[in-house]
Each structure stands twice: as C-alpha cells, then as structure tokens.
Amino acid sequence: MPTIPRVSIVIPVHNDEATIAGALESCLGQTLEEIEVICVDDASTDGTVDVITSYRERDARVRLITHESNSSAFQARRSGILAAAAAHVLFLDGDDELLPHAAERALALQSDSGADLVGFAIEVVSNAGGIVGGYQNRLKPKHRRLDGPELLEGLFPIDQPAQGQLWRYLFTTSTLRQAYGLLPQDLVLPRVNDLPLLFLVAALSERYVSMDDQLYRYFYGRGGSGQVVEDLEQAVFYAEAIRSIDSIAPAVRSIARDSADPAALLDAFESVRDSIIGYVCFYLIRHTRPDLLAEVIGHLYTRATPLDVVAASVRFYPDNVEVLKTAGTRIPLSTEPRKHIMLTTRTLTTGGVSGVLLTQAQVLAAAGHEVTIVARRYGSDTSVVPEGVSFIEMAAKGLPNRLREWADICASREIDVIIDHQVLYSRDWPEYALVARLMGISTIGWLHNFAARPILDQSGLIEHLTKNLPLLELTVTLSPLDVAFWKLRGLDDVAYVPNPPSPLLLESAGTSRPKPPPTTPLKLVWWGRLDEQTKQVTQLIEVAAQLKSLGVAFTLRVIGPDWGEWTAAKFNSAVERRRLSEYVEAVGERRGMDLINEIDSADAFLTTSIIEGYQLTIAEAQARGLPVFMYELPWLTLVQENAGIITAPQGDSAALAVAIADVADNPDMYSSLSRSSIEAADRAMSYDFAHLYSSAIGNSLPAAFSPEPTLDDARTLLDLTIFYAERNAGPRASSPAARKRSASRGRQKSASASRSSLVGAPKGSALTHRAWRAATPFGRMLLQLFPGMRPIAHRAKIRLMRLR
C-alpha cells in the first residue's frame, strides 16, 4: 500500500528544461522519504515535460500536472495545492534546489510548535558559484516566533519593503487552500504571483515559528529579473505586479471583517501595496531606455493612480520622485478665470509669512475668488483667519499620508491654483507641487526672502530650489534682483510681485503727517522678532554703543517676540553688560494700537537686518512718518529711490551711528526725511493688489515684472554672494581689528556721505573692490551657482578691472 506523504513539494514549471533535473534531484534526495513532488507544467514549449516524465517513471513520488495554456505560476501553484495529499507544503521553483534535510527539519519544527507557518534561512548562490551574502542575510528569518496579530506585523512590517517569497516557508495545506478559496478561480498573475498568496496566508495564520537552518538553495541571477525594458510591452508586464497585489484587496477586506484588529490588517495591506507600487516604479525607472521612460511612466499611472505612485515612492523609494518630477507635463497658468484658490503654509501665526498670506487671502477673496488656507502642520492660530476665507489644518502623519490628504483637499475644494508660501522654508514642498501637477492644478511658489538667504544660512537649499522650482508654473520673488538671480540659474517662469500691505499699513494710509523734528532725547524704535541670524538684533546694541560714544542723547525701544535663543530678558542682559540700560530696552511683543502708539511716540526707525525679502516694517515705519536708518540691503524694492532712508554698509555700526547723530542735529534734514518717508509709504501702497494677484494667477502679469538680467545685476549678485559666503568663512570679519577699522571709517563719514549711501550696490565702492579681490577663489563656485552668467563673465571681469 502506498505511503501517505507528509510533505508535498509543489514545483510550478515553465520552460525549465535546463534546470528542472537539478530541482527534482534535490527533492528525491530528501532525508524525509515520505514526500510527494508535484510538478505543474504551465504549458512549456521546450523539453521540460520530457525531463519530468523520465523522473516520474523512475520514482512514483513524482507527479505531473499539465496546463494546456500558460496561466502563470499563481495558477500552477493552485493546481499543485489542490492536488496535494500531504498536510504540509513546500514550494520549489524549477530553477532552484532544496537542501537534503529541508522537508525533515521544517516538518519537525512544525510538529513541535503546532505552527501554521514555518520559516527558514536560504542559501543564495551566484552564477559563478559563490555565496551572495547580502541577499542571503536579508532573507534570514527576523523572528523566532509570532502569534496572533503580531504574525502579520512581523512578516510584513509597515513601512518596510515587502518580501513575499513562498519558498522560504513550510505551509499547512489547509491554510493555502483557504487563501486560494478567497480568490477568483481563474485569476492569472503573470508578475509578483507569490507575495499576494503569502500575505493572505499570514493574515489567516495563528502561529509562525522559524529556524536559522538553511533549507533552500536559491540561484541568484537565473530567471528574467534585471532585464532592460526595451519596449512598452515589457513595461506593461512589469507593471502587472500592481494588479497582482490589487487582486487580493477584496479577500483582505473579507478577512478584516472577522479580524480582531481590522485596522492593523488594512494598514499592513496598504503598506505592502505601496511597497509593490514603489518597487515597480523604481524598477521601471532603473531599467527603461531614457527615450521610452515618459511613455512607461504614463502607462504606470494607468495601473495605479498618479497619487498612489508618488505617495508609494515617497514612502519606499524616494529617489523615484526626482524622476517623476521631470516626467510630468507642466500645467500652464491659464488666462481663464481661476475661481478656487488655495494658499498654503506650515502653520498660521500672527506675523511674518502668515501675515502676508492672510492679507493676500483677504485681497483675493475681495476680488471674488473662493479662498482656502491650508496649514500643513497643527498648531495654527485660527483666530486670525479672515472672514469669508476657509481654513483647513492637515492632520495626517507621515508625508505619504499627508500627500493623500492634500489631494483629497484639492479635489473636494475643486482647487484651480495653489500659492505655496513655504517654498523657501520646506524641503518637501516639491512633493505637494508634483501631486497638484498630476491632478491638473497649477502651483505658484512665493519666495519670502532674498535669493541669497540659503547662502547666508548655509542650508544647501540653492541646489534643491534650482532642481525643483521648474515644478512650479510661476515662481514669485519680491525684487527684480531676485528675478535676475533665478533667471541666471536657468529658471524662466519667474517674476517679482510686492507683498500686500499689512493691517498697520492699511490703518496708516492717508492719515499720517510729517513728524516734527525730535527733541532730546532722540527716540529710536525697532520691531520684529528677536532673530539674530537675519535681523542681527545684537547689532542694535552695537549701534547704541556707538551713539553713546558720540554723546548722542537717545533711547531705543526694542519690540517683538522671543525667537530661537534670543529672548527679551537675554537681550536686556546683554544691554546691561554693555552698560547701556538707560538707553536701550527690549519690551516684548506689542500688537494693534499698543504697537501703533509705540511707533508714534518714536522719532525714527532703526533696523540692522542682514537679509530680508520685503521688509514691511520699513513701510510701516515710513507710513507713520518715521525716517529709517538701516544697513544696506540693495535689492529691496521698498528702499529703491526712497529718500526717507539713510543706509550704512553692512555691519558698520559706527557709520550708522554717525548718520543718526547728524540727522538728530539737523532739524531740516529730519523734516525732509519724514516727508519723504510718507511719500515712499504711499508709493508702496499704490498698487492695485487685487488686480496684481489676479494677474499672477491668471498668467497676465506685465513683462515689466519679469525683467531680463543685466550686467549690473550680475555684478551686484556677485558682490552679495561673496559677502554672504565670506561671512561664513571664519572669524576674520568679526575680529577686534576689523571692528576697530570699521569704527574708524564710520566716524570719518559726514552726514552728506551717509545720506548719499542710499540704497543700491554702490559702483566703485569698497564692496566692489572686495568683490574683485575675492573673485578668483570664488569664480568657479559662482559660475556653478549662476550658469547663466557665463556669456557675460568676460565683460564683468573687464568692468571690475576698470573699477579697481
């Protein structure tokens, strides 16, 4: 009487004539004799069946099942499982081998543990006969035992690439049949046909155990993996992997209905699905001919939604995203009416970027647009949201989930155009812009600071921006020099548009009168956030020390919230150490009428910023009639042709103090500055902002807002780039000797010289001479930074030589 097999070894084969004998020899050489070997031929066209038949004639344990037509290894395994006589199954591919003790040891561990699933280690052999240690180690069992819900979590950990090789396990036949019973009988899976079955088995099983013994010999490099995708038909084949995982979605939902933790099961399935989608995208990008890639990605978007492809890539294969960004089609800004506008930022607060966004929202809403503000993180101050403007705070965790939430918001609100205010402050904005593009939505990026800000910060953002700004349909900057910077970097769709007026500016419009000349003491005011990196608040102390040394009677009120390491208390301690407490005081934040009263009680506004984008505090001060004393920021549109401002070279506190002292002693000069300040503020508010912003989103900005770079622009950018780079080069710029020389130069400046140092990069100035001296070591770096400067580099060099 025939012996009942204890383990059925199922081998799906298709055109394995060259290797099937080795596979069969490894089965028949098992130390456990009570086995059966079920070969399921999936319509081979070579001599595979003949080889199997010869072995069947020699050993009755070999069985052969044939398919009349090719229906994939998934169906071949189904046939083998349904025919299996043993209670347990091992899978073997026709081009691999089992080690001699595989069936015996796997079955022994199952008998001892009662497990539904037994895992073991793999021996991985290269074509040259050596061991492929890295892959072999990745396939080693990670867990000794898993029970209940932890089984699925252990074998398919969320947010880790899914592994689904069936030949790494011993299965109970009944569980395999149960899993197949949840799927259509005629389901054909030509690609990734093992992982779907393993996932269902893991979801149905109650116990998993494993051993470190190597029971399976995998021949690395055999089969069809790693082939170049030469045509769309091949790409279609590889993309079928996504259909494979999608095919088990109904079965997963069915199991979830009876599961103790359905959410965990569904989350695990979503992670596996994302892993497959991300890998397919990765494989196609890596193996497709460049000229075919766009068409291949287009097909991929038919197998999974573009959102799923992007989110899955972000989750598992981030390098995919860089290619997806360049493969999509631009969504040009349309001149047709754009009704639904989204403004987005990180969180809504009471100032800075949020202040611009909130006023912009009001302007656009008043112009008839439906405006939605979206904060990508929690913690917003919802009390500042303007009436008639919708607000949404995103709640999803993790970028892939946030991208899906983002897409849902865009779809539900029928968004036409997005204005992203986080482009200069976030590294993941390109992923949001990519999702929007794939949904047919245009994105405008609003840059809130001068283009050289990343150079000052040493943040490395210049290359990130240069690479990703083409995702935007329009990049909005705040000055013509910013436009020049980005055009020299190769970006075409860039324009400058002024920020909208702040509430304080609107409150002041048309109401201010020139201020009377100051009496003793001169009352200076500064407001902003206590930020040392960009606003250089400690320079306020330096200017104050210079004013004291000049014998000027003055006070300085420093107004604003704490920022980073700097607090009002810390600032006041620094003031006290310099023995300036009777002159300078930080008083914390002021808002509304309290801030206006502080401004109106002052005689002049002092600012020491090293970099700004559109410094509204200048316009706010001038709108109340205050003259402005500041360090040079030559790109600011607010200070162009602004006779209400006096500047000094960056960091030259002595020169700035001399200028202040000269004005304090000259009532006529003060009155002239005050009148000019009001005129400048009126100009800053003279734009039709509703028309301007509607033009920006409607692709109808006048050409004047996107000027072409000039040689003077290139020279100024050269000077400023060197300045910011040198600032981070070492301690030389801040040495005591340098400060002493700077102070000496400042004391020699006359009032007229200070006045003439209005805004702009002074031609023939010390800054230009420093630029020439530094040009040689920085030249190569600058040409990399501004490739568009190459055609004018020779002319720039000649001009600079003449200015020496």
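Residues numbered from 1 in each chain as written. Predicted model: local features only at pLDDT ≥ 70, side-chain atom pairs only at ≥ 80, totals over all residues. Heavy atoms only, no water.

Asker: Give a detailed account of the overall build of the protein chain, specifying residues and quantitative values.
Answerer: Scanning the protein chain for helices and strands turns up 34 helices and 22 strands. Counting over 804 residues, the protein chain shows a buried share of 56%. When contacts within the protein chain are restricted to residue pairs at least 6 apart in sequence, long-range pairs at least 24 apart make up 79% of them. Accessible surface, the protein chain: about 33700 Å² in total, of which carbon and sulfur atoms supply 50%. (Helix = DSSP H or I, 4+ residues; strand = E, 2+ residues; numbered from the N terminus. Buried < 20%, exposed > 50% of the residue type's maximum accessible area, 1.4 Å probe, protein only. Contact = heavy atoms within 4.5 Å. Areas by Shrake-Rupley, 256 points an atom, 1.4 Å probe, with all protein chains shown as cover.)

Asker: Help me get a handle on the pairing of strand 13 (residues 417-420), residues and values and all.
Answerer: Side chains of strand 13 alternate between two faces, with Val417 and Ile419 and Ile418 and Asp420 buried alike. Examined bridge by bridge, strand 10 (residues 340-345) and strand 13 share four bridges and lie parallel to one another. Each residue of the ladder has a partner; that of Leu343, found in strand 13, is Ile419. By the bridge criterion, four bridges tie strand 13 to strand 14 (residues 442-446) in an arrangement that is parallel. Paired with Asp420 across the bridge in strand 14 is Gly445. Handedness of the strand 13-helix 17 (residues 429-438)-strand 14 crossover: right-handed. (Pairing = 2+ DSSP bridges. Right-handed = clockwise from strand over helix to strand, strands pointing away.)

Asker: Which residues make up the pattern of salt bridges, and what values do they have?
Answerer: On inspection of all chains with the given rule, the structure shows 41 salt bridges. Among the ionic pairs, Asp147 bridges to Arg207, the shortest N-O distance being 2.7 Å. Of the two residues, Asp147 is situated in strand 7 (residues 145-147) and Arg207 in strand 9 (residues 207-219); the sequence distance between them amounts to 60 residues. A salt bridge links Arg273 to Asp308, with the shortest nitrogen-to-oxygen separation between them at 3.1 Å. Of this pair, Arg273 sits in helix 11 (residues 262-287) while Asp308 sits in helix 13 (residues 306-316), placing them 35 residues apart in sequence. Residues Arg273 and Asp308 agree in their burial class; the two are buried. Members of the salt-bridge network, linked through shared partners, are Asp159, Asp246, Glu270, Arg273, Asp274, Asp308, Arg315 and Arg404. (Salt bridge = Lys/Arg side-chain N within 4 Å of Asp/Glu carboxyl O.)

Asker: How would you summarise the nonpolar core if you had to cite specific residues and measurements?
Answerer: In this structure, Phe156, Phe199, Trp406, Trp486 and Tyr724 are the most contacted members of the largest nonpolar core, which totals 176 residues. Sorting elements by how many residues they give to this core places helix 11 first, with eleven residues. With sequence-adjacent residues up to four places away left out, Phe156 is seen in contact with Ala162, Gln163, Leu195, Leu198, Phe199, Ala202, Ala268 and Val272. (Core = buried A, V, L, I, M, F, W, Y, C linked by side-chain atoms within 4.5 Å.)

Asker: Describe in detail the sheet that holds strand 16 (residues 494-496), supporting the description with residues and values.
Answerer: Pairing within the open sheet is parallel, and its seven strands lie in the order 12-11-10-13-14-15-16. The open sheet terminates on both sides in strands that have one partner only, identified here as strand 12 (390-393) and strand 16. Averaged over all pairs of adjacent strands, the angle between their axes in this sheet comes to 20°, without regard to strand direction. Contacts between helix 16 (residues 399-412) and the sheet are confined to strand 10, strand 11 (370-375), strand 12 and strand 13, with strand 10 contributing the most and set at about 150° to the helix. Contacts between helix 20 (residues 480-488) and the sheet are confined to strand 15 (474-477) and strand 16, with strand 16 contributing the most and set at about 170° to the helix. (Axes fitted to C-alpha atoms, helices over the stretch in contact; angles between N-to-C directions.)

Asker: Provide a residue-level description of the packing of helix 14 (residues 319-327) against helix 17, including the pertinent values.
Answerer: Between helix 14 and helix 17, whose axes approach to 10 Å, the crossing angle comes to 45°. Viewed along their axes, helix 14 and helix 17 adopt a mutual orientation that is oblique. Seen from above, helix 14 lies across helix 17 with left-handed handedness. Contact with helix 14, carried on its side by Val321, Leu324 and Lys325, involves Pro430, Glu431, Leu434 and Arg437 of helix 17 and no other residues of that element. Looking at the contact of helix 14 with helix 17, its residues break down into four nonpolar, no polar and three charged. (Parallel < 35°, antiparallel > 145°, perpendicular 65-115°, else oblique. Left-handed = near helix turned anticlockwise from the far one by under 90°. Nonpolar A, V, L, I, M, F, W, Y, C, P; charged D, E, K, R; others polar.)

Asker: Summarise helix 15 (residues 352-366); cite the residues concerned and give the values.
Answerer: The terminal C-alpha atoms of helix 15 lie 22 Å apart, and with 15 residues this matches the ideal 21 Å at 1.5 Å per residue to within 8%. Listed in full, the buried residues belonging to helix 15 are Val353, Ser354, Val356, Leu357, Leu358, Thr359, Gln360, Ala361, Val363 and Leu364. Looking one or two residues past helix 15, Gly368 carries a phi angle of roughly 100°, positive in sign. (Expected span 1.5 Å × (residues − 1).)

Asker: Kindly report on the pairing of strand 4 (residues 88-91), identifying the contributing residues and their values.
Answerer: Burial along strand 4 is two-sided: the residues His88 and Leu90 and Val89 and Phe91 are all buried. Here strand 1 (residues 7-13) runs beside strand 4; their pairing, made up of four bridges, is parallel. The partner of Val10 across the bridge, within strand 4, is Phe91. Here strand 4 runs beside strand 8 (residues 169-172); their pairing, made up of three bridges, is antiparallel. What sits directly across from Val89, in strand 8, is Phe171.

Asker: If you had to explain the packing of helix 1 (residues 20-28) against helix 2 (residues 48-58) to someone new, which residues and values would you point to?
Answerer: For the pair helix 1 and helix 2, the least separation of the axes is 10 Å and the interaxial angle reads 25°. With respect to helix 2, the element helix 1 is oriented roughly parallel. In the crossing of helix 1 with helix 2, the sense of the turn from one axis to the other is right-handed. Of helix 2, the residues touching helix 1 (which contributes Ile20, Ala21, Leu24, Glu25 and Leu28) are Val51, Ile52, Tyr55 and Arg58. For the contact of helix 1 with helix 2, the residue count by class is seven nonpolar, no polar and two charged.

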